[in-house]
Amino acid sequence: MSDWTDCLDFGVSIAKQASETVLAAFLLQKEVQLKSSPADLVTETDQRVERILISAIRARFPLHRFIGEESVAAGEPCVLTDEPTWIIDPIDGTVNFVHRFPFVAISIAFTVNKQTEFGIVYSCVEDKLFHAQRGRGAFLNGEKLQASGQEDVSKCVVVTEIGAERDDLALSTMTSNILRLLQLPVHGVRALGTAAVDMCHVATGGADAYYHIGMHCWDIAASAIIVQEAGGVVMDTDGSDFDMMSRRVIAASSTSVANSIAQVVQAFPCRRDDEDPTRCVCGAAGVKGV
Ligand SMILES: O=P(O)(O)O[C@H]1[C@H](O)[C@@H](O)[C@@H](O)[C@@H](O)[C@@H]1O
Ligand SMILES: [Mg+2]
Ligand SMILES: [Mg+2]
């Protein structure tokens, strides 16, 4: 049975190569386009980095499939099959990239039979390479990672994101979630602006939990296995099993902390990543899925 290490090694090498494109543009003025909201940005660099990654992988592994953030934005289907699949966010933290806020990451996950075999998150400006391979541990620049193991939510630093949604229901849900957490209380709430790096800090033990509603599979598929391989727990915000297409996640130091967060965090309606956008209705007012 393949252990996919050759794919992992190739993924690490192309993430580092592609980061040169990110860093070359990081301090430059950027042309910005909008996607699903005034806070959901994309630049030509996001699109170029995704093309670089996918063409390099396709040349080496021509039968593999892809789910890429900017390919999906351009109309490619977001459907996970049993085939070997690379799930790519070319720049996670595009708002940070546009503003030169130094937390931007390349996120690459690899699945076979819908099971994640490895994840790579490369925080380019920090030069921090997080990776994990199923059953073989999680690492930061080669050093083994261990989640904090914290069991008491009142002793936690919790990371989250106010994502790209700007409708009243999403904003009131996200802000009331933060208020309810602070009232538990928790030690602190943090947000770096990149879901992938946020979640990797749970694997380092520097944060004890992360939760988010509205992000996409490419934001968290890689960091989910990094948390799990560091001894953390990943689940849906309703306490059910993690489903990378659901657009809801809790990653935590322990099951008890994850469950405590699931009890106070409410979700707002989101179309699943793998739902046909032409057929679904979601959001409070039943507005066509965004
Ligand atoms: O920078 P992105 O790849 O678009 O991912 C962002 C996402 O757009 C935003 O809504 C938040 O969820 C952030 O945490 C993501 O990193
Ligand atoms: Mg992202
Ligand atoms: Mg992105």
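Keep in mind that this is a model prediction, so the values were computed, not measured.

**Quick look at the coordination of the magnesium ion (ligand 2)**
And then number 1: Coordination sphere of the magnesium ion (ligand 2), protein contribution only: Asp 89 (OD), Asp 92 (OD) and Asp 219 (OD), at 1.8 to 2.0 Å.
And then number 2: Within one chain, the residues donating to the magnesium ion (ligand 2) are spaced in sequence as D-x2-D-x126-D.
And then number 3: In this structure, the magnesium ion (ligand 2) lies 3.5 Å from the magnesium ion (ligand 3), and both are coordinated by Asp 89. Side by side, Asp 89 and Asp 92 carry an identical accessibility label, which is buried.

**As for the coordination of the magnesium ion (ligand 3)**
And then number 1: Of the protein atoms, only Glu 69 (OE), Asp 89 (OD) and Ile 91 (O) coordinate the magnesium ion (ligand 3), at distances of 2.0 to 2.2 Å.
And then number 2: Taken in chain order, the donor set of the magnesium ion (ligand 3) reads E-x19-D-x1-I.
And then number 3: Note on Glu 69: relative accessible area 10%, which makes it buried.

**Section: unusual backbone geometry**
Trans peptide bonds make up most of the peptide bonds, and negative phi angles are found at most residues other than glycine.
And then number 1: Residue Pro 185 is reached from Leu 184 by a cis peptide bond, and omega for that bond is 5°.
And then number 2: Topologically, Pro 185 is positioned in the loop between α5 (168-182) and β11 (188-190).
And then number 3: Of note, the phi angle at Arg 100 is positive, near 60°, even though the residue is not glycine.
And then number 4: Looking at where Arg 100 falls in the secondary structure, it is placed in the loop between α4 (94-99) and β5 (105-112).
And then number 5: Taking the relative accessible area as the measure of exposure, Arg 100 reaches 34% and is therefore partly exposed.

**Points about the domain arrangement of the protein**
And then number 1: Along its sequence, the protein is carved into domain 1 (5-144) and domain 2 (153-264).
And then number 2: Just the C-alpha atoms count here: the centres of domain 1 and domain 2 sit 20 Å apart.
And then number 3: Taking both sides of the interface into account, the surface hidden between domain 1 and domain 2 amounts to around 2,200 Å²; carbon and sulfur atoms contribute 73%.
And then number 4: At the boundary of domain 1 and domain 2, one finds zero salt bridges.
And then number 5: Applying the counting rule to domain 1 against domain 2 returns eight residue pairs in polar contact (both at pLDDT 80 or more).
And then number 6: Mapped onto the side of domain 1 that touches domain 2, the elements with two or more residues apiece are α3 (69-73), β4 (85-92), β5, β6 (115-123) and β7 (128-133).
And then number 7: Per-element tally for the side of domain 1 that touches domain 2: the top contributor is β6, with seven residues.
And then number 8: In terms of residue class, the side of domain 1 that touches domain 2 is made up of 18 nonpolar, twelve polar and eight charged.

Reading the values: the criteria
- Residues numbered from 1 in each chain as written.
- Chains lettered and ligands numbered in written order.
- Predicted model: local features only at pLDDT ≥ 70, side-chain atom pairs only at ≥ 80, totals over all residues.
- Heavy atoms only, no water.
- Donors = N, O, S within 2.8 Å, 3.2 Å for Na, K, Ca; no water.
- Buried < 20%, exposed > 50% of the residue type's maximum accessible area, 1.4 Å probe, protein only.
- Helix = DSSP H or I, 4+ residues; strand = E, 2+ residues; numbered from the N terminus.
- Domains from an automatic or database assignment.
- Buried area = accessible area lost by both parts, 1.4 Å probe.
- Salt bridge = Lys/Arg side-chain N within 4 Å of Asp/Glu carboxyl O.
- Polar contact = N/O pair within 3.5 Å; in protein donor to acceptor, adjacent residues only side chain to side chain.
- Nonpolar A, V, L, I, M, F, W, Y, C, P; charged D, E, K, R; others polar.

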